[in-house]
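Letter by letter, the chains look like this.
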Amino acid sequence: MTRKRKRNSRALIAAVAALASLCLPAHAAIIGTCTIMIGASGTMKSNPAINIFGSRQAGGSSAGATITANATLCTILNLLDCYSVSAPAPIAFTSAPSGGDTDVTFATVFRLDGSGADIPGSSPQRVTNGTHTIQVDLTATKSPGIFPAGNYQGTVTVRCE
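Because the structure is predicted, anything quoted here is derived from the model rather than measured.

Draft legend 1. Focus on the environment of Glu161. Mapping Glu161 onto the fold places it in the segment after strand E10 (159–160). The class for Glu161 is exposed, based on a relative accessible area of 59%. Sequence separation between Glu161 and Cys34 is 127 residues, and the spatial gap between their C-alpha atoms is 7.8 Å. Every residue in contact with Glu161, bar those within four places of it in the chain, is listed here: Cys82, Tyr83 and Ser84.

Draft legend 2. Up close: the packing of aromatic side chains. The tally for this structure, following the rule as stated, stands at 6 aromatic pairs. Note on Phe53 and Phe147: the rings are 4.4 Å apart at their centroids and 25° apart in plane angle, and the pair reads as stacked. Residue Phe53 is found in strand E3 (residues 52–54), and its partner Phe147 is found in the loop between strand E9 (130–142) and E10; the two are separated by 94 residues along the sequence. Here Phe53 matches Phe147 in class, with each residue buried. Seen from their ring centres, Phe93 and Phe106 are 4.9 Å apart, and the 80° between their planes marks the pair as edge-to-face. Of the two residues, Phe93 is situated in the loop between strand E5 (83–86) and strand E6 (104–112) and Phe106 in strand E6; the sequence distance between them amounts to 13 residues. One exposure class covers both Phe93 and Phe106, and it is buried. One aromatic cluster is present, formed by Phe53, Phe93, Phe106, Phe147 and Tyr152 through successive ring pairs.

Draft legend 3. Seen up close, the sheet that holds E10. Pairing is antiparallel in the open sheet, where 3 strands are placed in the order E8-E5-E10. Single-partner strands in this sheet number two, and they are strand E8 (125–127) and E10.

Draft legend 4. How the structure looks around the nonpolar core. Counting residues in hydrophobic clusters, the biggest one holds 17 residues, and the most contacted among them are Val85, Phe110, Ile134 and Val158. Residues contacting Val85, with those up to four places away along its chain left out, are Ile67, Phe110, Leu112, Ser123, Pro124, Gln125, Val127, Ile134, Val158, Arg159 and Cys160.

The rules behind these values
- Residues numbered from 1 in each chain as written.
- Predicted model: local features only at pLDDT ≥ 70, side-chain atom pairs only at ≥ 80, totals over all residues.
- Heavy atoms only, no water.
- Helix = DSSP H or I, 4+ residues; strand = E, 2+ residues; numbered from the N terminus.
- Buried < 20%, exposed > 50% of the residue type's maximum accessible area, 1.4 Å probe, protein only.
- Contact = heavy atoms within 4.5 Å.
- Phe/Tyr/Trp six-rings, centres within 6.5 Å; stacked < 30°, edge-to-face > 60°.
- Pairing = 2+ DSSP bridges.
- Core = buried A, V, L, I, M, F, W, Y, C linked by side-chain atoms within 4.5 Å.

Written as structure tokens, this is what we have:
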């Protein structure tokens, strides 16, 4: 009996070794996607004191985008592989006249799916699978002083992670 066990054991080891030699390297599976489609660009306007530029100032408008999240594990478990959306403030204008970036602080807020509730830009918000709209507002405040005359452009990066 001892011999049969050794033979079976040897045969099993040989079979495992043969199968192991046939295995190819495993590739990571894609388990979800999050797509951001940029919509309308926002418009920043100044306040009467010319120390604030913002999309919420009179005549300004929010930027918009559409986010489509699709994660299988999020649907099944509602715990793993879910996406979060954020829109952190930039650290500077994309373009500004000389001195336009000096002593300026930036802040962003966003709203998901038409909600009136402002969410701070750096606060990730979990989204369920499906399509969502996002509206983003950017405010630049110069303190002390006023913004010099010229053209300004700011860019907010919407993240889906």
